[in-house]
Amino acid sequence: MPVVDIPGSKSITARALFLAAAADGVTTLRRPLRSDDTEGFAEGLTRLGYRVGRSPDAWQIDGRPEGPAVAEADVYCRDGATTARFLPTLAAAGHGSFRFDASPQMRRRPLLPLTQALRDLGVDLRHEEAEGHHPLRIEASGVEGGEVVLDAGQSSQYLTALLLLGPLTRKGLRIRVTDLVSAPYVEITIAMMREFGVEVRTEGSVYVVPSGGYRATTYGIEPDASTASYVFAAAAVTGGEVTVPGLGTGALQGDLGFVDVLRRMGAEVETDAHGTRVRGTGELRGLTVNMRDISDTMPTLAAIAPFASGPVRIEDVGNTRVKECDRLEACAEGLRRLGVEVATGDDWIEIRPSDVPGATPVTGTEIKSYGDHRIVMSFAVTGLRVPGISFDDPGCVRKTFPGFHEAFAALRAQLPE
């Protein structure tokens, strides 16, 4: 039975880097994800004057509760949404002139709810080109704190950024949230802040964050649950069996909930303190599922949906239209290229079972990736049942899993044909 070691969580690594930089003392991060996104985050911290020491299995960060060590910096955030949203927030708590820019792909992604909230808190922040998008400049003089209203209906990262900022403000924060997507990611943030010495309180839709700063610690990064979804889906769609250690009953990440979707479709799932095992049973039932809280795994489900016995309808995933690409349309286009019948709406996609992939598969089909790592990794799972799938940009997986293609090929060799 294949046992697959999944690289560390991107979401947890990014949060841990922020917390370590903000904490009083030296923090050691064990098993951090090393990918384009997280290397970009660490590089950004270095540009801001933080010391980041790297060894193969750990990173050490010298925290600076007072903020960046430099008076001015120009930071390039690459494609990383966490980098592009968290680092300006960290810099705002310090003192100096800081400019942030990002890749064309990241420049297209929205920032306005977060940057407006920072302005409401008195931060001198200016978008240099399109309002609500990178590039932006901050003239930082610390943040007083107080109450702020936030719409996190497009991205939970807006709320996470403000939660992380709270202990660095002079008075603490009361964040009143009017809408929230991907709520489990906020639970990750709150749990991690606790490990760094800060307790967040909730009063209905209000998050109360005390001032007083963070304390340094040693923190282990758990495997990435979103990345694990491709491995679990591979088992379900081939009738194979896969175990992922390190993602068990105590896991922080809500995306592990993807295995519950596979269970509803007919797969056998076992989760204990040490990890999670998925076994395909040869049956994949159609279903209707709300994936608002685990929307990063929507493309994984879309990729195996053609092999279900009935329609698969995925609802409440409108926020996936403003990810690295419009993921709803990217999934629909890729499936249509394979001859699968697909319908989409503003926040849903329905995939109808097709004889084409199961019986007389289309071969030699190139999937357009739109530079999105999740599109490539998801359709790699489809490729377990449809021969000849290729990608226009297979290398975009370096964003979260540089060794994905090699690891997936090794897994494929251990799964049933």
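Cut-offs applied
Residues numbered from 1 in each chain as written. Predicted model: local features only at pLDDT ≥ 70, side-chain atom pairs only at ≥ 80, totals over all residues. Heavy atoms only, no water. Helix = DSSP H or I, 4+ residues; strand = E, 2+ residues; numbered from the N terminus. Rg over C-alpha atoms; globule rule 2.2 N^0.38 Å. Buried < 20%, exposed > 50% of the residue type's maximum accessible area, 1.4 Å probe, protein only. Contact = heavy atoms within 4.5 Å. Areas by Shrake-Rupley, 256 points an atom, 1.4 Å probe, with all protein chains shown as cover. Lys, Arg positive; Asp, Glu negative; His and termini not counted. Charge placed at Lys NZ, Arg CZ, Asp CG, Glu CD. Polar contact = N/O pair within 3.5 Å; in protein donor to acceptor, adjacent residues only side chain to side chain. Pairing = 2+ DSSP bridges. Axes fitted to C-alpha atoms, helices over the stretch in contact; angles between N-to-C directions. Expected span 1.5 Å × (residues − 1). Core = buried A, V, L, I, M, F, W, Y, C linked by side-chain atoms within 4.5 Å. Parallel < 35°, antiparallel > 145°, perpendicular 65-115°, else oblique. Left-handed = near helix turned anticlockwise from the far one by under 90°. Nonpolar A, V, L, I, M, F, W, Y, C, P; charged D, E, K, R; others polar.

Trainee: Talk me through the overall build of the protein chain; I want residue IDs and the actual numbers.
Mentor: The helix and strand inventory of the protein chain stands at 14 helices and 23 strands. Taking 2.2 N^0.38 as the reference for a compact globule, 417 residues should give roughly 22 Å; the C-alpha atoms of the protein chain span a radius of gyration of 21 Å, in line with that estimate. Principal-axis analysis of the C-alpha atoms places the extent of the protein chain at approximately 65 × 40 × 40 Å. By residue count, 60% of the 417 residues in the protein chain fall in the buried class. Put simply, 72% of the contacts in the protein chain that link residues at least 6 apart link residues at least 24 apart. Only carbon and sulfur atoms are counted for the fraction: they give 46% of the accessible area of the protein chain, which is about 14900 Å². The protein chain carries 44 positive and 55 negative side-chain charges, and their two centres are separated by 2 Å.

Trainee: Tell me about the side chain of S378, and please be specific about residues and values.
Mentor: Structurally, the position occupied by S378 is in helix 13 (residues 373-382). Note on S378: relative accessible area 1%, which makes it buried. For S378, the side chain forms a polar contact with the main-chain oxygen of P299, separated by 3.5 Å. Residues contacting S378, with those up to four places away along its chain left out, are Y230, P299, T300 and A303.

Trainee: So what's going on with the sheet that holds strand 10 (residues 173-180)? Which residues, and what values?
Mentor: Taken together, four strands build an open sheet; the order of strands is 9-10-12-11 and the sheet is mixed. Strands with a single pairing partner mark the edges of an open sheet, and in this sheet they are strand 9 (146-152) and strand 11 (201-203). When strand polarity is set aside, the average angle formed by the axes of neighbouring strands in this sheet is 25°. With three bridges joining them, strand 11 and strand 12 (residues 206-209) adopt antiparallel strand pairing. When the sheet's bridge partners are listed, E203 is paired in strand 12 with V206.

Trainee: So what about the environment of I188? Which residues, and what values?
Mentor: Residue placement: I188 occurs in helix 7 (residues 183-195). What makes I188 buried here is its relative accessible area of 1%. Distance in space between the C-alpha atoms of I188 and R15 is 8.9 Å, their sequence separation being 173 residues. When residues no more than four places from it in sequence are discounted, the contact partners of I188 are I12, R15, L252 and Q253.

Trainee: Give a detailed account of the environment of L164, specifying residues and quantitative values.
Mentor: Tracing the backbone shows L164 in helix 6 (residues 157-165). C-alpha separation for the pair L164 and M193, spaced 29 residues apart in sequence, amounts to 7.5 Å. Residue contacts for L164: discarding those within four places in its chain leaves F18, L19, F86, T189, M193 and Y214.

Trainee: An account of helix 7 is requested, with residue identities and associated values reported.
Mentor: Helix length check: helix 7, at 13 residues, gives a terminal C-alpha distance of 19 Å against a target of 18 Å (1.5 Å per residue), a fit within 8%. Among the residues of helix 7, those classed as buried are P184, Y185, V186, I188, T189, I190, A191, M192 and M193. Backbone geometry just downstream of helix 7 places G197 in the positive-phi region, at approximately 95°.

Trainee: Can you break down the nonpolar core residue by residue, with the values?
Mentor: If you look at the biggest cluster of nonpolar residues, it comprises 74 residues, and the most contacted ones within it are F100, L159, L162, L163, I175, Y207 and Y214. Those residues within four positions of L159 in sequence are excluded, and the remaining contacts are L150, A152, I175, V177, L180, V186 and Y207. If you look at the next biggest cluster of nonpolar residues, it comprises 68 residues, including A308, V317, V342 and V376.

Trainee: Describe the packing of helix 2 (residues 36-47) against helix 3 (residues 81-92), and please don't skip the residues or the numbers.
Mentor: For the pair helix 2 and helix 3, the least separation of the axes is 10 Å and the interaxial angle reads 20°. Accordingly, the angle class assigned to the pair helix 2 and helix 3 is roughly parallel. In this structure, helix 2 meets helix 3 at a crossing whose hand is right-handed. Seen from helix 2, the contacting residues are D37, G40, F41, G44 and L45; seen from helix 3, they are T82, T83, F86, L87 and L90. Of the residues that constitute the contact of helix 2 with helix 3, the class distribution is five nonpolar, four polar and one charged.

Trainee: Run through helix 1 (residues 10-22), naming residues and quoting values.
Mentor: Relative to the 18 Å expected for 13 residues at 1.5 Å per residue, helix 1 spans 19 Å between its end C-alpha atoms, a close match to the ideal helical length. Burial within helix 1 is extensive, with 13 of its 13 residues counted as buried. For helix 1, the capping residue at the N-terminal end is S9, with a side-chain oxygen 3.3 Å from the backbone nitrogen of S11.

Trainee: Which residues make up the packing of helix 1 against helix 2, and what values go with them?
Mentor: In the contact formed by helix 1 and helix 2, the axes pass within 10 Å of each other and the chain directions differ by 10°. Classified by the angle their axes make, helix 1 and helix 2 are roughly parallel. Facing helix 1, whose interface residues are K10, T13, A14, L17, F18 and A21, helix 2 presents D37, T38, F41, A42 and L45. Residues belonging to the contact of helix 1 with helix 2 are distributed by class as follows: seven nonpolar, two polar and two charged.

Trainee: Now, about the pairing of strand 17 (residues 275-279): what can you tell me, with residues and values included?
Mentor: On a regular strand, one side chain projects to one face of the sheet and the next to the other, so that they alternate. Among the five residues of strand 17, four are classified as buried, and the element is accordingly described as predominantly covered. One ladder, built from five bridges, connects strand 15 (residues 241-245) with strand 17; its direction is antiparallel. For T243, the partnering residue across the bridge sits in strand 17 and is R277. Here strand 16 (residues 268-271) pairs with strand 17 via four bridges, running antiparallel. Bridge pairing in strand 17 links E270 to R277.

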